[in-house]
Every structure is written in C-alpha cells, then in structure tokens.
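Chain by chain, the residues run as shown.
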Number of protein chains: 2
Amino acid sequence: MKNKAARLQSIREIIIHSRVKSQDEILQKLHEQGFDLTQATLSRDLKQLRIAKVPGSDGSYVYIMPEIGSVGKLMQEKMSENPQRQIPGGFISINFSGNLAVIKTRPGYAGSLAYDIDSNTPPEILGTIAGDDTVLVILQENINHQQAMLALSPFMPELHN
Amino acid sequence: MKNKAARLQSIREIIIHSRVKSQDEILQKLHEQGFDLTQATLSRDLKQLRIAKVPGSDGSYVYIMPEIGSVGKLMQEKMSENPQRQIPGGFISINFSGNLAVIKTRPGYAGSLAYDIDSNTPPEILGTIAGDDTVLVILQENINHQQAMLALSPFMPELHN
DNA sequence: GTCATGTTTGAATAATTATGCGGCAAATAT
DNA sequence: ATATTTGCCGCATAATTATTCAAACATGAC
C-alpha cells in the first residue's frame, strides 16, 4: 500500500496522545482516520515500531512507546542479550542498618551502581543517593535485610560467584 | 501462600538476568527453581509487577521491567494523558520510610528542590541531601508521615492539583 | 515485454496471554 | 467457636496478539 509510512506515523500519534488498551482500539481509531487494514497488519506495525503493552496502575493495560523514558529499558535489553557477561561494578561490600543499606564500591563506581538500582526500582527500594564510593540505599519500611539483599543482589554480580 | 513474595522476587531476577520471550519460558524457569504455579498465576504476577513484553531489536519479543518508582509511575501515566504539559519543578514522586523521605525528581532537579526545602527549614525537617534526581529528607524524630507531607507539600506544587 | 526478487497485506489460524468462577485456607470479626 | 472476609490460585475458557501462507503488487534487470 502506498501509505504505510503515514499509517505508522498515525499509529505513533495515537499511542502518544491517547490511552489505548488493545489493538482493536487502535484499529478502530485508524479506521476512523481512513486507514484500511486488519489486526494482522497492525500487529506487525506495532512490532516494527516496538510499541509495547504494559500493565498500568489502574489494573488494566496500556500501549506505550518505549522511547519515552526508556533509557533503563534499552539498557536492560542490552544486558539481557549477554546475560552471562557481567559489568564489573566495583562492588566492595554491603551492610545494613535499620531501613538503610550502605554499599561500598571502588572510587568512582557509586554513581553508576546507584543508577542501575534506580533504573530498575524494585519496590523494596525507595531510592538511592550516591557519593563517590558509597551508595546509600533507602529501603521500604517493613522490608527485612534478607529481602533487601534479594532485591539488591542483581546489581552486585560479584556476589554471585 | 507463604512463598508468593519469594516467587515475585524470583520473577524479577529472571526478567533482569535472562532474556525470556514468553510466559511459558518464565514458567519453566520457575518450575526449575521449585515454584509450582500455572500460567494463569504468572500472568497475574506479571501484571502486579508491571512487567511488559516489548518487541526486541532482534525481531522477537522480550519481557522487561519498567523502570520508574511507585508514585512516579502514576505521574508518568498522568503525563501521557497530556504529553505537552511539563512538570514545573521536576517533581516525580515522594515516599517515606521511617524517619526519611525520598523525593524523586527529573534529572538535575534534585539540588534546587533540596535548596528550597533547606532554606525554609521547616522545624519538622532536619536536613536534606541531594543527588542528581533524588532528594533524601531527614525528618525530626516523632514526626509522622502525614505531618511531614504537610511540611513538604509547599515545595511540590504539582501535588496541589 | 518476461523473469526474478522483495514488500505488503488479508484470511485463517496458531500461539499466547488475561480473566471469570469456584474452591480453599488464612486472617479477622462476631 | 463460628461466621465472614480476604487473598491466592487452578481450571477452563475468553480475549488478545502473532504468524503462516498465499496472493497481490511493485521494482529493477535483462
């Protein structure tokens, strides 16, 4: 068809501007705009545009463009391409005190470690603050050290040896 | 069941560490780890964890963790309703744990927000520490979250909608 | 023109994912 | 203790999404 590019553009706009929760909804909007296509084609278009359906906080699902706020996602994909290759994180030690964890790293590594933790935000972790060689991790209330350790261990590959 | 929390944690780790492309694959890994569940339960778990399946660069699909924190997620969704509307102060989310509050901001905004809070020094607030996109607020002892929220809300106009 | 090659598509269907319903057990209330 | 609520889960199935296959069309070489 001669208007595939225009269609893809329209799909992008629909995704960005409205909150659609199924391909059929998108399809309907496209039909309203005069595009004539089936769900099969739409599925392929979405794949090409790398548009994803994610569970939303209201208990249903939403289609989103991964580029919006996506740095973490891309990173994660890169990482999972080579799951065995671990990025040496300069990790040295971790200790707990109350609702805090203190991670020591080699000088200069704290920021990147904190960034990795923040980008994945396990629900047990409220946030992090990094200096040069220390990351302070603030834990959710009622999270015990065991649980926190589980949540944090993915970011400290050195622990898995 | 007593092991749901552990299961969710395992799911998160599987998502982060390996490249899975269907629920059945995740299910298989979980079974290998000794968890006994069906696809139905896994689907519900993924929904709760807000894990999404996105089209990957290699032409297939990958499950990923969306990166933003709890309250932040709501904000982000709100924003996608009105994509043009900007966040004035860079505020994204606030959460409490014990005598701490963790405020997430857009990158670069943490410092100015912390400065605003510090320079007004409400008595409920002992002090703040800012990274790039996170402000750690240390609360007075015996201040509850409600009170702290009241003391902090003047600095987060976005909450007053 | 014919032929080969590649792209795009719909119909049908396969594959995958979400959910209504009922059961069960733990927690909470009476 | 008994009743009620609440959360979790499997089964079966609905709903949704991806893909196979064949066909239509375009493009460019010859």
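Conventions we followed
- Residues numbered from 1 in each chain as written.
- Chains lettered and ligands numbered in written order.
- Predicted model: local features only at pLDDT ≥ 70, side-chain atom pairs only at ≥ 80, totals over all residues.
- Heavy atoms only, no water.
- Helix = DSSP H or I, 4+ residues; strand = E, 2+ residues; numbered from the N terminus.
- Buried < 20%, exposed > 50% of the residue type's maximum accessible area, 1.4 Å probe, protein only.
- Contact = heavy atoms within 4.5 Å.
- Near = heavy atom within 4 Å.
- Polar contact = N/O pair within 3.5 Å; in protein donor to acceptor, adjacent residues only side chain to side chain.
- Nonpolar A, V, L, I, M, F, W, Y, C, P; charged D, E, K, R; others polar.
- Pairing = 2+ DSSP bridges.
- Axes fitted to C-alpha atoms, helices over the stretch in contact; angles between N-to-C directions.
- Expected span 1.5 Å × (residues − 1).
- pLDDT = per-residue confidence, 0-100.
- Parallel < 35°, antiparallel > 145°, perpendicular 65-115°, else oblique.
- Left-handed = near helix turned anticlockwise from the far one by under 90°.
- Arc of directions from axis to C-beta.

Engineer: Honestly, the overall build of chain A in this entry has me stumped. Any pointers?
Structural biologist: The helix and strand tally for chain A stands at six helices and six strands. For chain A, the succession of helices and strands along the chain, N to C, is α-α-α-β-β-α-β-β-α-β-β-α. Relative to its full complement of 161 residues, chain A shows a buried share of 43%. For chain A, contacts bridging at least 24 residues in sequence account for 48% of all contacts bridging at least 6.

Engineer: I would appreciate a short explanation of the protein's contact with DNA strand C in the present structure.
Structural biologist: Among the 19 residues in the neighbourhood of DNA strand C, the closest are listed as Arg7(A), Thr41(A), Gln23(B), Ser43(B) and Tyr63(B). Within 4 Å of the protein, the atoms of DNA strand C are drawn from sugar and phosphate moieties in a proportion of 67%. In this structure, Asp36(A) approaches DNA strand C through a main-chain N or O atom, which is 3.4 Å from a phosphate oxygen. The side chain of Gln23(B) places a nitrogen or oxygen atom 2.7 Å from a phosphate oxygen of DNA strand C. If you list the elements that add at least two residues to the surface near DNA strand C, you get α1 (4-17) and α3 (39-49) of chain A together with α3 (39-49) of chain B. Broken down by element, the surface near DNA strand C gets its largest block of residues, five residues, from α3(B). Its residues assigned to classes, the surface near DNA strand C shows six nonpolar, six polar and seven charged.

Engineer: Whenever I open this one, the sheet that holds strand β5 (residues 125-130) of chain A confuses me. Can you help?
Structural biologist: Picture the strands of a sheet paired through backbone hydrogen bonds; they go either parallel or antiparallel. All names here are of chain A. Read across the open sheet, the four strands follow the order β3-β4-β6-β5; overall the sheet is antiparallel. Because the sheet does not close on itself, it has two edges, and the strands there are β3 (91-97) and β5. Across the sheet, the mean angle from the axis of one strand to that of its neighbour is 20°, orientation sign disregarded. Summarising the sheet, β3 and strand β4 (residues 100-105) pair through six bridges and their orientation is antiparallel. Bridge pairing in β4 links Ile94 to Ile103.

Engineer: Mind showing me how you'd approach the protein's contact with DNA strand D here?
Structural biologist: If you check the shell around DNA strand D, you find 19 residues, and the closest are Gln23(A), Tyr63(A), Arg7(B), Thr41(B) and Arg44(B). Contacts to DNA strand D include Asp36(B), whose backbone N or O atom sits 3.3 Å from a phosphate oxygen. Among the elements that take part in the surface near DNA strand D, α3(A) stands out by supplying five residues, more than any other. Its residues assigned to classes, the surface near DNA strand D comprises six nonpolar, six polar and seven charged.

Engineer: Explain helix α1 (residues 4-17) of chain B to me, please; I cannot follow it from the model alone.
Structural biologist: For an α-helix, 3.6 residues make a turn, and residues three or four places apart therefore share a direction. Residue and element names in this part refer to chain B. Between its first and last C-alpha, α1 extends 20 Å over 14 residues, near the 20 Å set by a 1.5 Å rise per residue. Burial within α1 is extensive, with 10 of its 14 residues counted as buried. Every buried residue of α1 is accounted for by Arg7, Leu8, Gln9, Ser10, Ile11, Arg12, Glu13, Ile14, Ile15 and Ile16.

Engineer: Where do I start with the confidence of the model for chain A in this structure?
Structural biologist: Low pLDDT marks stretches whose predicted atomic positions should not be read closely. Of the residues in chain A, 70% have a pLDDT of 70 or more, and the chain-wide mean is 73. Per-residue pLDDT stays below 50 along residues 68-87 of chain A; that stretch engages in 34 contacts with residues further than four places along the chain or on separate chains.

Engineer: Can you walk me through the packing of α1(B) against helix α2 (residues 23-32) of chain B in this structure?
Structural biologist: In helix packing, the relevant descriptors are the interaxial angle and the interaxial distance, both defined with respect to the helix axes. All names here are of chain B. Where α1 contacts α2, the axes come no closer than 11 Å and their chain directions differ by 120°. Of the possible angle classes, the one that applies to α1 and α2 is oblique. As for the relative orientation of α1 and α2, their crossing is right-handed in sense. Packed against α1, whose contacting residues are Ser10, Ile11, Ile14 and Ile15, the element α2 presents Ile26, Lys29 and Leu30 at the interface. Taken together, the residues of the contact of α1 with α2 break down into five nonpolar, one polar and one charged.

Engineer: Is there a simple way to think about the pairing of strand β6 (residues 134-139) of chain A in this case?
Structural biologist: Each regular strand displays side chains that alternate between the two surfaces of the sheet. All names here are of chain A. Strand direction decides the pairing type here: β4 and β6, joined by five bridges, are antiparallel. Paired with Lys104 across the two strands is Thr134, which belongs to β6. Taking the residues between adjacent antiparallel strands as the criterion, β5 and β6 are bridged by three residues.

Engineer: For this particular structure, what's the right way to read α3(B)?
Structural biologist: For α3(B), every residue scored as buried is listed here: Leu42(B), Asp45(B), Leu46(B) and Leu49(B). In an axial view of α3(B), the angular spread of the buried residues amounts to 95°, which keeps them on one side of the axis. On its buried face, α3(B) is in contact with β1 (52-55) of chain A together with α1, α2 and β2 (61-64) of chain B. The first or second residue beyond α3(B) is Arg50(B), which carries a positive phi of 60°.

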